[in-house]
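# Overview (structure and organization)
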Amino acid sequence: MAKAIPSRSENYSEWYNELIKKANLAENSAVRGCMVIKPYGFAIWEKMQRALDDMFKETGHENAYFPLFIPKSFLSKEASHVEGFAKECAVVTHYRLKNAEDGSGVIVDPDAKLEEELIVRPTSETVIWSTYKNWIQSYRDLPLLINQWANVVRWEMRTRIFLRTTEFLWQEGHTAHATEAEAEAETRQMLDVYATFAEEWMALPVLRGHKTANERFAGAVDTQCIEALMQDGKALQAGTSHFLGQNFAKAFDVQFLSKENKLDYVWGTSWGVSTRLMGALIMAHSDDAGLVLPPKLAPIQVVIVPIYRNDEQLDALSEKLKPLVAELRKAGISVKYDDSDANKPGWKFAEYELRGVPVRLAMGGRDLENGTVELARRDLKTKETVPFDGLTERIKTLLDDIQQTIYERAKAFRADNTFRVDTKEEFEEQIEKGGFLLAHWDGTSETEEAIKEATKATIRCIPFDQEPEAGTDPFSGKPSQGRVVFARAY
RNA sequence: CGGGGUGUAGCGCAGCCUGGUAGCGCGCUACGUUCGGGACGUAGAGGUCGUGGGUUCGAAUCCCGCCACCCCGACCA
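In this numbering scheme, every chain counts its residues from 1 along its sequence in written order. As a convention, the first chain written is A and the first ligand written is 1, with the rest following in written order. Confidence filtering applies because this is a predicted model: local features only for residues at pLDDT of at least 70, side-chain atom pairs given and counted only at 80 or more, and all residues used for totals across whole chains, interfaces and linings. For the side-chain quantities, the full set of heavy atoms in the structure was used; hydrogens and water were omitted.

Residues with no salt bridge and a relative accessible area higher than 30% make up the patches, which join like charges within 9 Å and nonpolar side chains (Val, Leu, Ile, Met, Phe, Trp, Tyr) within 5 Å. Only the protein chains shown count as covering a residue, and every accessible area follows the Shrake-Rupley method with a 1.4 Å probe. Every case where a carboxyl oxygen of Asp or Glu lies within 4 Å of a side-chain nitrogen of Lys or Arg is listed as a salt bridge. Charged residues are defined here as Lys and Arg on the positive side and Asp and Glu on the negative side; His and the ends of the chain fall outside this count. Think of each charge as sitting on NZ of Lys, CZ of Arg, CG of Asp or CD of Glu. On the surface, a cluster of negative charge is made up of D311, E312, D315, E319 and D341. Secondary structure is summarised from DSSP: a helix means a run of H or I of at least four residues, a strand means a run of E of at least two, and numbering begins at the N terminus for each. By the secondary structure assignment, D315 is in helix α9 (residues 311–330).

As structure tokens, this is what we get:
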């Protein structure tokens, strides 16, 4: 047991950190708060990117790229936007280094001070809207549907690998529309894209809803989000979509001539998901033996382990297994055939469990005689001996089943950890245990703040499917029209 | 930014209190035996003890500064 990780119940954060390291997803870097994403981890991110990118394209978006640096003056054009991000911006002040006179190394050349300082983008609304001003003149230029894949920097006080790093990777969509209704529809459409991606690809059930004013994106009129529940009972915001109204259009003077020859400001949206999704993926499904990956995002879907005593046996197994590898690949399944002599089968079994490979196929001398293989599934940790013939179909079905089972399991977990609470006492007791709390809220920021102060819980969202229900806020005693979702969050 | 903890071989740690030849386990290399749930033997390689100063005949060990990382809180995707 050379590579065991701590259990979730022992220490959830240590389990999370160790799992990421041991499964070769990522590691901390020489730079504070920044991570190195390792090949295995990046392969998962690439699969996420691919799936999302396809969905963006299907909904009519195009990719582009805008600069890493933002002139300081841009950021201050939208008042609430700058207020939201000012505290966490990295600033470039100089453009040259030189050797120190005393030979102690390189120093910043004081003569190379930038006239206008540059901000490393914490998000790109400002630089993009300053560009849109030039791109948009007429209603014929609209809608403008752009996405970019990029890195951003937010100087956070406390970082946590994948969940909150100083630099992270993401995509940010930025669209401009002729009408308010169209921009609102776009905001909702992209949130639904995220929800579909989370549920169908990540096997992660999510709640969809609006953020409260407190939790809203700096510069947005409305922020919509998908919220997921992690195994430790904490909530995680997995994606956001913002209706920007005409805020950025006005800040950057982006106007267009309508069909009626009237000049008006365009309506905007922006939406994003980040490498934080990796954290969500890990925390939602994995267990004490390691990662559990949904087949649709697993870099390796099937690992094949031959069990042999000598070269002759390996040759005999390979002769049987290599055509299977080819057949599985032809069926679009990613397969690793691990015939390396470096480790014993038992070691390999543990290793691939740690790395979350959904299906393991083992074949030894006995199987060869019987025309069978051993098929093991990572999600349930069960295994069965099955006929060699018809394996490709069987594995395809199995992968689908695993994808479904992981999703259902996460959904059941969420159902078991969602509670309707009606009194302050119930609320305070339950929030300590974790989970989503459905409680009445009087709609005021003051009460929301007070609840956060008292319980560390925030309103994760006002669900789209909120049922109208008369009640009273358990904290303020004031009337409420419906329940919102509270939780402690990452 | 507050509170706590840790920095010694690739990884995990002991040694520090009480200064005196830098150690253990895993991993790594070679060879042999093994191989159906994290194998074993033999022989090896590998460390300016985070960093800068100080005390001392002598510092991983004592003193001061700095840096980094982790955990817990306040801010955030």
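Now for the pairing of strand β24 (residues 458–463). β24 sits mainly inside the fold: five of its six residues count as buried. Of the pairings in the sheet, the one linking strand β11 (residues 207–210) to β24 comprises two bridges and is antiparallel in character. Its bridge partner being in β24, G209 is matched across the sheet by P463. Per-residue accessibility, obtained with a 1.4 Å probe over protein chains only, is compared with the maximum for each type, and a residue is labelled buried under 20%, exposed over 50%, and partly exposed between these values. One requirement defines pairing of two strands: DSSP has to find at least two bridges between them.

We now examine the pairing of strand β19 (residues 359–363). With five of five residues buried, β19 lies mostly within the body of the structure. Both faces of β19 are covered, namely the face carrying V359, L361 and M363 and the face carrying R360 and A362. Here β19 pairs with strand β20 (residues 372–377) via four bridges, running antiparallel. By the bridge assignment for β20, L361 is matched with L375.

Turning next to the domain arrangement of chain A. All domain edges in this entry derive from an automatic or database-based domain assignment. When cut into domains, chain A gives domain 1 (12–71 + 123–285), domain 2 (302–398) and domain 3 (418–487). Here the C-alpha centroids of domain 2 and domain 3 sit 50 Å apart.

For this purpose, a residue is taken to be near a molecule or strand whenever a single non-hydrogen atom of the residue falls within 4 Å of it. The environment of RNA strand B is formed by 42 residues, the closest being R32, R158, R164, Q237 and R276. Backbone sugar and phosphate groups make up 42% of those atoms of RNA strand B lying within 4 Å of the protein. Any pair of nitrogen or oxygen atoms within 3.5 Å is treated as a polar contact; in protein, a donor-acceptor pairing is required on top of that, and neighbouring residues in sequence qualify only through side-chain atoms on both sides. The side chain of S13 places a nitrogen or oxygen atom 3.0 Å from a phosphate oxygen of RNA strand B. At 2.7 Å, a backbone N or O of R366 approaches a base oxygen of RNA strand B. Ranked by residues supplied to the surface near RNA strand B, first place goes to helix α10 (residues 345–354) with seven residues. Grouping the amino acids of the surface near RNA strand B by side-chain chemistry returns 13 nonpolar, ten polar and 19 charged. When residues are grouped by polarity, Ala, Val, Leu, Ile, Met, Phe, Trp, Tyr, Cys and Pro land in nonpolar, Asp, Glu, Lys and Arg in charged, and all others, Gly among them, in polar.

In this section: the packing of aromatic side chains. A pair of aromatic rings is counted whenever rings of Phe, Tyr or Trp (Trp by its six-membered ring) have centres within 6.5 Å, and the orientation is called stacked for planes under 30 degrees apart, edge-to-face for over 60 and tilted otherwise. Summed over all chains, the structure comprises 15 aromatic pairs. Centroid distance F243 to W267: 6.2 Å. Interplanar angle 5°. Geometry classified as stacked. Of this pair, F243 sits in strand β13 (residues 235–245) while W267 sits in strand β16 (residues 267–274), and the two are 24 residues apart along the sequence. By relative accessible area, which is 4% here, F243 ends up buried. Here the aromatic cluster, defined as three or more aromatic residues joined through ring pairs, consists of W45, F56, W149, Y194 and W271.

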